[in-house]
Structures are given as structure tokens and as C-alpha cells.
Amino acid sequence: MTESRGGTEGGAMRRIDALEAIYPALRDTLVVTIMGGVAAELYSLGHRPNFFYNEHAMGLASSIGLGLALCLPDEKIVVLDGDGSCLMNLGGLTTTSRYLPPNLAHIIFDNESLMSVGGFPTATSTGADLAGIARAAGYPSAVTVRTVDDFRDEATRAIDGTQLACIVAKVEARNPTSFYMDVHILENRFEFARAARARAGRPVEPAPPQQVGTAGETQTTRG
Amino acid sequence: MRGDPALGPWWEVAYERLKAHDVRLIAHVPDAVLSPLIRRLEEDPFFVVVPLTREEEGVGVVAGGYLGGLRGALLMQSSGLGNSVNALGGLSLPYQIPFLLVISPRGRLAEFNPSQVPMGRAVPKVLDALGIETVTLERRDELAEQIDQAARTCFSTSFPVALIVSTLLSGGKRG
């Protein structure tokens with residue numbers, strides 16, 4: 001086994017405990033999670049319409065968060081990322097840093113492994129420092145925390161704050177007790193979009209039928 | 001370039017039709033053929049223009065924007081489709097997130113770089129394999145109507161639609 005130069009020797013928390021610590025603070029935000037354990041554990045604490053679970057496309061939770069942050073500047077967006085996912089989209093850190101969206105909190109749960117495919121170690125296990133990478137990409141604030149208390153403090157500050165922030169939480173490499181989620185992805189997508197747009201006062205899609213003869217285009221919900 | 005020059009450049013029409021359909025969020029990796037359209041969009045504060053590092057990110061950005069209530073378009077060279085396939089298959093399609101996928105084709109007509117050919121030739125088959133409705137924009141006189149109909153299908157049915165900007169319309173990239 002490769003000797004770890006990074007992370008969890010200095011201690012690590014359980015991810016479910018970290019999520020539980022910030023769960024109340026997520027009530028008035030829009031949350032985007034990665035797949036697998038993060039989604040299942042957040043769900044196990046209680047699903048809400050403002051939670052979006054990106055169940056497949058690895059790396060894109062942060063890009064979805066950027067899109068939300070840019071189009072809903074008055075809403076706080078919280079991305080719940082993972083080390084494997086973040087490493088797949090390091091370029092996205094540089095894209096986000098071009099905008100420095102003040103309403104985006106980027107939380108990365110770093111268990112130094114790809115748990116859902118058997119626990120193979122990621123590059124953070126040999127020293128890749130995601131907080132350092134985020135800072136170097138241009139994030140004005142990026143910290144690594146190892147205890148639930150520190151995580152609660154930093155995450156709450158990021159969620160309540162007005163500056164783009166990244167928090168890397170070193171967590172134990174363990175799967176959730178259950179992957180059970182009774183939310184179909186389409187149900188999740190439409191519910192979340194409705195919740196996000198309601199918060200922003202934006203209309204739902206598709207637009208309601210227009211009066212015949214306006215703008216030469218009649219849209220109807222019947223086929 | 002095909003069509004009546006008096007009708008104006010293709011990218012001016014594309015700009016107008018995107019605006020007419022309230023497509024405000026524009027994510028892109030720059031491309032030479034698409035550059036006049038990108039610059040035109042950047043000039044108008046109506047649009048939120050997001051330059052990407054890699055095309056795949058754009059699938060996420062336009063998804064987030066759409067969930068938040070902004071219609072989007074993702075602009076890229078055909079090579080970028082190769083960088084985006086799993087994101088389209090794992091996010092846009094199963095979650096039914098609509099956006100206009102505007103592709104500048106390389107490796108087909110008017111090509112000078114042989115390394116563009118294999119991916120460029122694969123583009124229609126890749127889009128077809130994913131089940132993405134694809135429209136080739138080739139004639140200047142049909143351009144506005146094609147974009148209008150594509151946008152209606154896209155945002156009414158909640159699936160992405162691809163628009164390929166033919167070199168017969170744009171003139172292609174001069175090596």
C-alpha cells in the first residue's frame with residue numbers, strides 16, 4: 001500500500017456528522033450534491049425541494065453550482081463536492097475563479113478515495129491539496145478542516161458570507177449505512193427547478209400557452 | 001457563403017434569434033468560426049457569457065442556469081463534443097435539461113488539418129447515438145426559421161437540440 005503523505009493521518013470526521021452539523025444552515029440555500037454517498041447521506045437527513053442530486057456526471061456539481069450562482073445572484077448556492085469529482089474538473093475551479101461568485105460556497109468532502117468503485121485511492125491520498133489548488137486557481141478563500149466543530153464554523157461562515165469560499169473537509173473513507181433514495185432524478189430535477197425559480201420569482205418552463213396570433217407563435221401544452 | 005449578402009451575416013441572425021427566444025446564458029469554448037457570434041453576444045448585456053476551460057463544464061453551467069430559470073446555449077467546436085459526451089448522456093438527457101448546442105464543425109468541408117477529421121466525421125453519429133435532435137444550418141435564407149423551430153422543440157420538449165453551423169454558411173476557418 002502506498003504510504004499516504006496527505007490527509008487523514010491528522011484526523012478525519014465522519015461525513016454524515018459534518019452534513020448533520022450544517023443541515024439546518026442549508027434550509028435557505030440551493031444545494032447541489034455529487035452522486036453516491038454524499039447524496040445518500042444528505043437524503044438520509046431529510047430531503048428538501050432545494051436539494052439537487054447530480055447522480056452521474058462526475059465533476060459537474062461545481063459547474064451546475066456556477067450556473068446557478070451566475071443566474072441567481074440573490075440566492076446562496078452550496079455545492080457538496082468530493083475529492084474524486086473535484087479532481088475530474090480542476091479546470092472548473094479556474095472557470096469559477098473568473099467570476100468569483102460571492103454567493104457560492106464550495107464544500108469538498110475529501111476521503112482520499114473513490115468509495116463507490118471499491119475505495120481506490122485518489123491523488124489527494126498522495127498529497128494533492130485541493131484547498132491549495134483552489135487558492136492557486138483564484139479562490140479568495142480555501143481552507144482544510146478535520147473536525148466537525150471546525151467544519152461547522154467554516155461552512156457556516158461560508159454560507160452566511162459574501163465571498164466565494166472553498167472548504168475541504170477531510171472525512172473518513174466509509175460508505176453510508178444505506179444508499180436508499182426514494183427520489184427519481186426527473187422528480188428531483190423538476191421539483192428543484194420549481195423551488196429555485198420560485199425563490200427568484202422566475203417563470204416555470206415551458207411557458208404557458210400564448211394567445212393565438214401573438215408573435216406568430218402559438219405554444220400549447222397539448223400536442 | 002451561400003445566400004443573399006443583403007440578408008446580413010449568419011451570426012447577426014443567430015444573435016437575434018437567440019435573443020428572441022430569451023436564451024440568455026451563453027457558455028462557450030472559443031472557436032474561430034463562432035468568434036463573431038461570441039463577440040456579438042458579449043457586446044449585449046442581455047446575455048450572460050461564460051467562457052469555459054473545457055466544453056464539458058458548459059453542460060453543467062447551462063444545466064445550473066436552466067434550473068435557476070435562464071435558458072442557455074453551449075457553443076463549441078466539434079472537437080468539444082468529444083469532451084462533452086458523458087456529460088450530455090449523464091446530465092442533459094436523463095435530467096431532461098434543454099439548451100441549444102451550437103457546434104462549429106471541423107474535419108468535414110473546407111478542412112486543412114487532418115487531425116480534425118476523425119472527430120469531425122463522428123459528430124453526426126455521436127449526436128444521433130445520443131438521440132439528440134440535430135439541425136444543420138446551411139442556407140442563409142432558412143437560418144432564422146431553423147433556429148426558431150429548433151428553439152421551440154428544445155424548450156417545449158425539454159431536451160437539448162444541436163445546431164451545426166455548416167461551413168457552407170460560415171465559410172469555415174481559413175488555415
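An account of the accompanying structure is given in this report. Computed from a predicted model, the values in this text were never measured in an experiment.

1. Let's talk about the packing of helix 3 (residues 61-71) of chain A against helix 3 (residues 55-67) of chain B
Next up, step 1: Following both chains from N to C, one finds helix 3 of chain A and helix 3 of chain B inclined at 45°, their axes separated by 6 Å at the closest point. In terms of orientation, helix 3 of chain A and helix 3 of chain B fall into the oblique class. Remark: the crossing between helix 3 of chain A and helix 3 of chain B carries right-handed chirality. Along the contact surface, helix 3 of chain A presents Ser 63, Ile 64, Leu 66, Gly 67, Leu 68 and Cys 71 of chain A, while helix 3 of chain B presents Glu 57, Gly 60, Val 61, Ala 63, Gly 64, Gly 65 and Leu 67 of chain B.
Next up, step 2: Within the contact of helix 3 of chain A with helix 3 of chain B, the residues separate by chemical class into 7 nonpolar, 5 polar and 1 charged.

2. A word on the layout of surface pockets
Residues and elements named next belong to chain A.
Next up, step 1: Quantified by volume, the second largest pocket comes out at close to 300 Å³.
Next up, step 2: Lining the second largest pocket are 22 residues, and of these Ile 34, Met 35, Ser 113, Met 115 and Ser 116 sit closest to its centre.
Next up, step 3: Looking at the lining of the second largest pocket, the elements that each hand over two or more residues are helix 2 (37-45), helix 4 (83-88) and strand 5 (113-114).
Next up, step 4: Of the residues forming the lining of the second largest pocket, the biggest block, 3 residues, is contributed by helix 4.
Next up, step 5: For the lining of the second largest pocket, the residue count by class is 10 nonpolar, 9 polar and 3 charged.

3. Digging into the pattern of salt bridges
Next up, step 1: The full count for this structure, using the stated rule, is 16 salt bridges over all chains.
Next up, step 2: Glu 41 of chain A is the partner of Arg 15 of chain A in a salt bridge, and the nearest nitrogen-oxygen pair spans 2.8 Å. Taken together, the positions of Arg 15 of chain A in helix 1 (residues 15-22) and Glu 41 of chain A in helix 2 put the pair 26 residues apart, joining distant regions of the chain. Like Arg 15 of chain A, the residue Glu 41 of chain A is buried in the burial classification.
Next up, step 3: With a shortest N-O distance of 3.2 Å, Glu 12 of chain B and Arg 40 of chain B are connected by a salt bridge. Taken together, the residues span a long stretch of sequence, with Glu 12 of chain B in helix 1 (residues 10-20) and Arg 40 of chain B in helix 2 (residues 35-43) at a distance of 28 residues.
Next up, step 4: On the basis of relative accessible area, Glu 12 of chain B is assigned to the partly exposed category, the value being 22%.
Next up, step 5: Where salt bridges share partners, they join Asp 110, Glu 112 and Lys 170 of chain A into one cluster.

Criteria and cut-off values
Residues numbered from 1 in each chain as written. Chains lettered and ligands numbered in written order. Predicted model: local features only at pLDDT ≥ 70, side-chain atom pairs only at ≥ 80, totals over all residues. Heavy atoms only, no water. Axes fitted to C-alpha atoms, helices over the stretch in contact; angles between N-to-C directions. Helix = DSSP H or I, 4+ residues; strand = E, 2+ residues; numbered from the N terminus. Parallel < 35°, antiparallel > 145°, perpendicular 65-115°, else oblique. Left-handed = near helix turned anticlockwise from the far one by under 90°. Contact = heavy atoms within 4.5 Å. Nonpolar A, V, L, I, M, F, W, Y, C, P; charged D, E, K, R; others polar. 1 Å grid on protein atoms, 1.4 Å probe; cavity = no way out; pocket = protein on both sides within 12 Å on 5 of 7 lines; lining within 4 Å. Points joined across faces, edges and corners; volume = space filled by probe spheres on them. Salt bridge = Lys/Arg side-chain N within 4 Å of Asp/Glu carboxyl O. Buried < 20%, exposed > 50% of the residue type's maximum accessible area, 1.4 Å probe, protein only.

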